[in-house]
Amino acid sequence: MPKAIVIHEFGGPEVLRWEDVEVGEPRPGQVRVRHTAVGLNFIDVYHRTGLYPLELPLSLGTEAAGVVDEVGPGVTELAVGDRVAYAGGPPGAYAERRVMPTANLVRLPDAIDDRTAASMMLKGMTAQYLLRRTHRVEPGEVILVQAAAGGVGMLLCQWAAHLGATVIGTVGSDEKAELAKAHGCAHPVVRGRESFVDRVMEVTDGKGVPVVYDSVGKDTFADSMASLAPRGHLVSFGQSSGKADPIAPIELGSKSLSLTRPTLAHYVGTREELEETAADLFDVVVSGTVTVNVNQIYPLAETARAHRDLEARRTTGSTVLTP
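Chemist: Mind laying out the layout of surface pockets, listing which residues take part and the relevant values?
Modeler: In this structure, the largest pocket spans a volume of roughly 1,100 Å³. As for the largest pocket, its lining consists of 46 residues, and the residues nearest its centre are N41, F42, I43, V152 and S215. Counting residues per element, the ones that place at least two in the lining of the largest pocket are α1 (42-49), α2 (114-134), α3 (151-162) and β16 (318-322). Of the residues that constitute the lining of the largest pocket, the class distribution is 19 nonpolar, 22 polar and 5 charged. Estimates place the volume of the second largest pocket at around 230 Å³. Tallying contributions element by element places strand β7 (residues 97-101) first for the lining of the second largest pocket, with 5 residues.

Following this line, the structure appears as structure tokens:
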């Protein structure tokens, strides 16, 4: 019987259990996928702890790559043997096999291997919409990326640099500073040792940046706002340090700032948007413009260890779980 990581209660990594599960047969509009690689993301931690509560019992995971091993009645857009990938839900990727709607799947180019695909779909499509749609980065802009050595952060740095932007990025150590610099971050800043607001003002001659991409949350939110230029955009797309403190709308008026909290689901809500977003990501990866770094690989059965390392910030780049 296939196995999956399942939680029956919210809590720490200890609630993650490796269990037998019933997968079932695909219905019309569905296929069954045999996973070859599963992506690990911080949103999985939010689901595990109940910060983003979902119905229990629950198999976690929102992205994976694999092979179609059975198609439902009437399905013609995919066939047995097709290599596919997905991101964004529904949760349940921490499994050896699962049934998925065909509408959520994209075919993988031959040039992208399964582990790379599983590690990049959520992070890469997130980077795409952040840079090209939430705030469209233009050549000559100076931007600030929080957690620049993380999975999304390194993709943002590379992609933004390719677009002609200068990237200031915060990191947690000298080692991560070197990693970020090697991936397009022109000005890495070690948080806790140097003020990234001061560095922003130094690089921009006191003007501030037009956009801050902040996945850290509570620990960086106020200073992210302080780093913005008039009419700047604070894009809060994560909260690895906890929820940011509430602010009153009038606080944005000091510099006519805008604040947004985007999620991938609202940028790939139609089949056309999903295909365009994925195609843009595949293009920059296949061309070598963006390099996806799978820096950690854990057996799926040891997902609890992977979660502990992720939360302790012992990981860099992307992490993959292998069934």
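There's plenty left to go through after this.
Chemist: Before we move on, can you summarise the state of the cysteines with the specific residues and values?
Modeler: Taken as a whole, this structure holds 0 disulfides when the rule is applied. With no disulfide of its own, C157 lies 4.6 Å from the sulfur of C185, the closest cysteine sulfur.

Chemist: Account for the side chain of S236, with residues named and values stated.
Modeler: By the element assignment, S236 lies in strand β13 (residues 228-236). Judged by its relative accessible area of 10%, S236 falls in the buried class.

Chemist: Any details on the packing of aromatic side chains? Residues and values, ideally.
Modeler: Scanning the model with the defined rule gives 3 aromatic pairs in all. Seen from their ring centres, Y129 and Y267 are 4.2 Å apart, and the 10 degrees between their planes marks the pair as stacked. On the criterion of sequence distance, the pair formed by Y129 in helix α2 and Y267 in the loop between β14 (258-260) and α7 (271-286) is long-range, its members being 138 residues apart. Residue Y129 shares its accessibility class with Y267, and that shared class is buried.

Chemist: An account of empty space enclosed by the protein is requested, with residue identities and associated values reported.
Modeler: In this approach a probe as big as a water molecule rolls over the atoms, and the regions it shows empty are the leftover space. Overall, the coordinates contain 1 cavity of 30 Å³ or more when judged by the stated rule. In this model, the largest cavity occupies a volume close to 30 Å³. Classifying every residue of the lining of the largest cavity gives 3 nonpolar, 6 polar and no charged.

Chemist: Could you give me a rundown of the nonpolar core, with the residues and numbers involved?
Modeler: Counting 52 residues, the largest nonpolar core has L156 and Y213 as its most contacted members. Among the elements of the structure, β6 (83-87), α2, β9 (142-145), α3, β10 (166-171), α4 (174-181), β12 (209-214) and α7 are those that each provide at least two residues to this core. The contacts of L156, once residues within four sequence positions are left out, are A127, L130, L131, V145, Y213 and F237. By size, the runner-up hydrophobic cluster in this structure holds 27 residues, among which are V15, V75, Y94 and M100.

Chemist: Summarise the pattern of salt bridges; cite the residues concerned and give the values.
Modeler: Tallied over the full model, the rule gives 15 salt bridges. As a salt-bridge pair, R97 and D69 come within 3.0 Å of each other at their nearest N and O atoms. One end of the pair, R97, is in strand β7; the other, D69, is in strand β5 (residues 63-71), with 28 residues separating them in the sequence. Linked through salt bridges whose partners overlap, the residues forming this network are E25, R32, D69, E70 and R97.

Calculation notes
- Residues numbered from 1 in each chain as written.
- Predicted model: local features only at pLDDT ≥ 70, side-chain atom pairs only at ≥ 80, totals over all residues.
- Heavy atoms only, no water.
- 1 Å grid on protein atoms, 1.4 Å probe; cavity = no way out; pocket = protein on both sides within 12 Å on 5 of 7 lines; lining within 4 Å.
- Points joined across faces, edges and corners; volume = space filled by probe spheres on them.
- Helix = DSSP H or I, 4+ residues; strand = E, 2+ residues; numbered from the N terminus.
- Nonpolar A, V, L, I, M, F, W, Y, C, P; charged D, E, K, R; others polar.
- Disulfide = S-S within 2.5 Å.
- Buried < 20%, exposed > 50% of the residue type's maximum accessible area, 1.4 Å probe, protein only.
- Phe/Tyr/Trp six-rings, centres within 6.5 Å; stacked < 30°, edge-to-face > 60°.
- Core = buried A, V, L, I, M, F, W, Y, C linked by side-chain atoms within 4.5 Å.
- Contact = heavy atoms within 4.5 Å.
- Salt bridge = Lys/Arg side-chain N within 4 Å of Asp/Glu carboxyl O.

Don't take any of this as a statement about function, it's just geometry.
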